[in-house]
Amino acid sequence: MKLYVTDLSPNSRRVLATIHHLGLGHETEVQKFNLLAGEHQSDEFRVINPNVKVPVLVDGDFRLWEANPIMIYLADRQGAEEFCPSDRMGRIEVLRWQSWEVQHFNRALGDIVWETVAKQVFGMGPADEEKISSGQENFRRFAAVLEDHLADRDYVLGDKPTAADFAVGSHSALALHPQSQVPLLEFPKVLAWLQSLEALPAWAKTAPEAPAQAAE
Ligand SMILES: N[C@@H](CCC(=O)N[C@@H](CS)C(=O)NCC(=O)O)C(=O)O
């Protein structure tokens, strides 16, 4: 298999971490693009992903873009039932949380850390305080849902990490960045869960080299 990724990207990290978590590192060639240098903007890559974005997985003749479906594909390919259940209700739970993180949780989190971390890393001007504040308001709304959910379980689907955790927690490095201004102290279960994700071998192996580089 070949996986196209970029450094410092939560979308890439969740897939790369899945590769390691499922023990697929030895059979996966990883190609890293420097997006700032425009390395992904080639005619060759446009054929592989017409969106011209990473991550993309190529497995034989099959090309798959979008991080969350790639994780499910890899789990199914390996028969990794614990990481992504194949029964109807288990699969729906994974999809529920993946949809929720894209639309709500990580959208709010992303709005905050774009202003507080990424703009500084990329030298894109001062943070917009109004955007930070509205991002924090949205984050509080959705983090409260996750906080309640984690009251009686260690991970999103129960006692083991799954593709739901790797999706919802994909922005962990940015969220835990000291300058992030993500109000995690108000949500101790969410904070502890993010820290436990960071401690997983596959997650630790894919950590950004420096927290300050954790921006998309
Ligand atoms: N919805 C996509 C998002 C992919 C995405 O936005 N990738 C970014 C890096 S995190 C990218 O390739 N940006 C390059 C560009 O837009 O030119 C997914 O889940 O994979």
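Calculation rules
Per chain, the residues get numbers from 1 upward, laid out in the order the sequence is written. Given that this is a predicted model, residues contribute local features only at a pLDDT of at least 70 and side-chain atom pairs are listed and counted only at 80 or more, while totals for whole chains, interfaces and linings are drawn from all residues. Computation of side-chain values: all heavy atoms of the structure, hydrogens and water removed. Residues grouped as a nonpolar core are buried Ala, Val, Leu, Ile, Met, Phe, Trp, Tyr and Cys residues, joined through side-chain atoms within 4.5 Å. Buried residues are those whose accessible area, probed at 1.4 Å on protein chains only, stays under 20% of the maximum for their type, while exposed residues exceed 50% and partly exposed ones sit between those limits. Helix and strand labels come from DSSP, where a helix needs a run of H or I of at least four residues and a strand needs a run of E of at least two; each type is numbered from the N terminus. Either an automatic procedure or a domain database provided the assignment from which the domain bounds are taken. Residue contacts are counted whenever heavy atoms from the two residues lie within 4.5 Å of one another. Paired strands are those between which DSSP finds at least two bridges.

S.K.: Give a description of the nonpolar core that names residues and reports values.
M.R.: Counting residues in hydrophobic clusters, the biggest one holds 54 residues, and the most contacted among them are Leu 74, Phe 105, Phe 139, Leu 146, Val 190 and Trp 193. Breaking this core down by element, the ones donating at least two residues are β1 (2-6), α1 (10-21), α3 (67-78), α4 (88-121), α5 (129-149), α6 (163-168), α7 (172-175) and α8 (188-199). Of the domains in this structure, domain 1 (2-78) and domain 2 (88-206) are the two that each give at least three residues to this core. The contact partners of Phe 105, leaving out residues within four places of it in the chain, are Trp 100, Phe 139, Phe 142, Ala 143, Leu 146, Val 168 and Val 190. With eight residues, the next largest nonpolar core counts Tyr 4, Phe 33, Phe 45 and Val 52 among its residues.

S.K.: Go over the pairing of strand β3 (residues 56-59), please, and point to the residues and values.
M.R.: Residues Val 56 and Val 58 line one face of β3 and the alternating positions Leu 57 and Asp 59 line the opposite face, and both faces are buried. Pairing between β1 and β3: three bridges, direction antiparallel. What sits directly across from Lys 2, in β3, is Val 58. In the sheet, β3 pairs with strand β4 (residues 62-65) via four bridges, with the strands oriented antiparallel. Looking across to β4, one finds that Val 58 is bridged to Arg 63. From the end of β3 to the start of β4, which pair antiparallel, there are two residues, and Gly 60 there has a positive phi angle of about 65 degrees.

S.K.: Outline unusual backbone geometry, supporting the account with residue identities and numerical values.
M.R.: The peptide bond linking Val 54 to Pro 55 adopts the cis configuration, its omega dihedral lying at 10 degrees. Tracing the chain through its elements places Pro 55 in the loop between α2 (43-48) and β3. Here the phi dihedral of Val 52 falls at roughly 55 degrees; this positive angle occurs in a residue that is not glycine. For Val 52, the position within the fold is in the loop between α2 and β3. In this structure Val 52 comes out as buried when scored by relative accessible area, which is 12%. At Gln 181, a residue that is not glycine, the phi angle is positive and equals roughly 60 degrees. Residue placement: Gln 181 occurs in the loop between α7 and α8. Its relative accessible area of 41% is what places Gln 181 among the partly exposed residues.

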